Amino acid sequence: MVYRVQVLFGAEGVDAGRAWWRTAALSCLSLGAIACAPHTATVHRTELPELVRTFKDEGAATVQHEGKPAALETRHAPVLEVKRKDREQTTSALLADVDVQGGALLFPVGDSGAVQERVQLRDVLGARLDLGDYHPPGERLIWGVGLSGGGPGLLVAPFAEVRPARWISIEAGGLGGPSAAWGFAGARLAPFAIGSFRPYVGGFAQIIIGWDSDADASDDPSIGEDDSTTITAGGARLGLELDLLGGHAAVRAEFDLIHPISDRYAFDLTDDWIPFGGISATYFP
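Remember, it's a predicted structure, so these values are computed and weren't measured experimentally.

Once that is clear, we can look at the overall build of the protein. If you tally the helices and strands in the protein, you get 2 helices and 17 strands. For the protein, restricting intrachain contacts to residue pairs at least 6 apart in sequence, the fraction spanning at least 24 positions comes to 59%. For the protein, the exposed area adds up to about 15,000 Å²; of that, 57% sits on carbon and sulfur atoms.

Encoded structure:
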């Protein structure tokens, strides 16, 4: 049997792989942009002077978010956005960089902040506070979108992740191209945390489907009109996860042992147990 999946990992496959990596990254970022709407709070314009002064003086302030108090700190990097009567675009800046002078708010202009834009309170139609890295205590994060390189994702693959509980994660994803496609499903168990790190163990299953993109033009006489192959494999995984953004993001590095169920694996590997590894990242909205 001719394994056309090898085409993917040859010299021509490297360029294709790079193109698929860019495609997967853009797809994942697009999904993330849709899913990653920040926590926000509406602020009445009469409350703006006190909010700005308190945050400026104390480096902290409390606002109402979804009917509950949200204690903001400088490390959360909240952003104040105001809509003005005299223009369609909003004026925004980090809350820590906004000043109050008389009946006006002063927003920095440019990176230096040497120039300030003056916004009269009477001209403010509405104000919104993007809470930045703040997340409500006890917030339940169930699903997310991510991108993997190596490991269960083979070369690269976007994936979806579900957490029925904080200590268990289930994921599935895949990617395809002109001569091959692959997908995976897996699970991770992370029963305890060490600070922001979570060691985990788990397993996964892979499927790789390869075919000749132009069988008629091939010099190989063994290639027929329908020349394709399917490779399946299972794997065990051991890794370390780092929580970021208050648990709304995670990056992982892992070591894998892959057992081909077919008589060989991708990259023309034929061992019973193949050492592998990979990295991945997930965002949980």
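Now that the structure has been shown, the text picks up again.
A separate point is the sheet that holds strand S8 (residues 115-120). Ordered by their spatial adjacency, 3 strands build an open sheet running S6-S7-S8, and the pairing between neighbours is antiparallel. In this open sheet, the two strands that pair with only one neighbour each are strand S6 (99-101) and S8. Put simply, the sheet's adjacent strands are angled 35° from each other on average, direction ignored. For S6 and strand S7 (residues 104-109), the ladder comprises 3 bridges, and the chain directions are antiparallel. Across the sheet, the residue bridging to Gln101 is Ala104, located in S7. Together, S6 and S7 form the strand contacts of helix H2 (residues 48-58), whose direction differs from that of S6 by roughly 125°.

What the 8 strands build is a closed barrel, ordered S10-S11-S12-S13-S14-S15-S16-S17; its pairing is antiparallel. On average, each strand axis in the sheet is inclined to that of its neighbour by 25°, with strand direction left out of account. Two strands pair when backbone bridges link them, and strand S11 (residues 156-165) and strand S12 (residues 168-176) are joined in this way by 5 bridges, in the antiparallel orientation. If you follow Ala165 over to S12, its bridge partner there is Ile168.

Below, the discussion takes up the pairing of S12. Hairpin connection, S11 to S12: the antiparallel pair is bridged by 2 residues. As judged from the 9 bridges shared by S12 and strand S13 (residues 180-189), these two strands associate in the antiparallel manner. Residue pairing for S13: Ser169 is matched across the bridge by Arg188. Two successive antiparallel strands, S12 and S13, enclose a turn made up of 3 residues.

Before going further, it helps to examine the nonpolar core. Leu48, Leu80, Val82, Leu105 and Leu129 are the most contacted members of the largest nonpolar core, which has 24 residues in total. Mapped onto this core, the elements with two or more residues apiece are strand S1 (40-43), H2, strand S2 (60-65), strand S3 (68-73), strand S4 (79-84), S7 and strand S9 (124-130). In terms of residue count, H2 provides more of this core than any other element does, 4 residues in total. Non-local contacts of Leu48, meaning those with residues more than four positions away in its chain, are made with Val43, Leu80, Val82, Leu105, Leu121, Val124 and Ala127. Val156, Ala233, Ala266 and Ile274 belong to the second-largest nonpolar core, a separate cluster that totals 17 residues.

Attention shifts here to the pairing of S2. Residues Ala61, Val63 and His65 line the buried face of S2, whereas the alternating positions Ala60, Thr62 and Gln64 sit on a face that is not buried. Joining the antiparallel neighbours S2 and S3 is a turn of 2 residues, in which Glu66 adopts a positive phi near 55°.

In this section: the side chain of His65. Positionally, His65 belongs in strand S2. You can call His65 buried: its relative accessible area is 6%. Leave out the neighbours within four places in its chain, and His65 touches His39, Thr40, Ala70, Leu131 and Pro136.

The rules we used
Residues numbered from 1 in each chain as written. Predicted model: local features only at pLDDT ≥ 70, side-chain atom pairs only at ≥ 80, totals over all residues. Heavy atoms only, no water. Helix = DSSP H or I, 4+ residues; strand = E, 2+ residues; numbered from the N terminus. Contact = heavy atoms within 4.5 Å. Areas by Shrake-Rupley, 256 points an atom, 1.4 Å probe, with all protein chains shown as cover. Pairing = 2+ DSSP bridges. Axes fitted to C-alpha atoms, helices over the stretch in contact; angles between N-to-C directions. Core = buried A, V, L, I, M, F, W, Y, C linked by side-chain atoms within 4.5 Å. Buried < 20%, exposed > 50% of the residue type's maximum accessible area, 1.4 Å probe, protein only.

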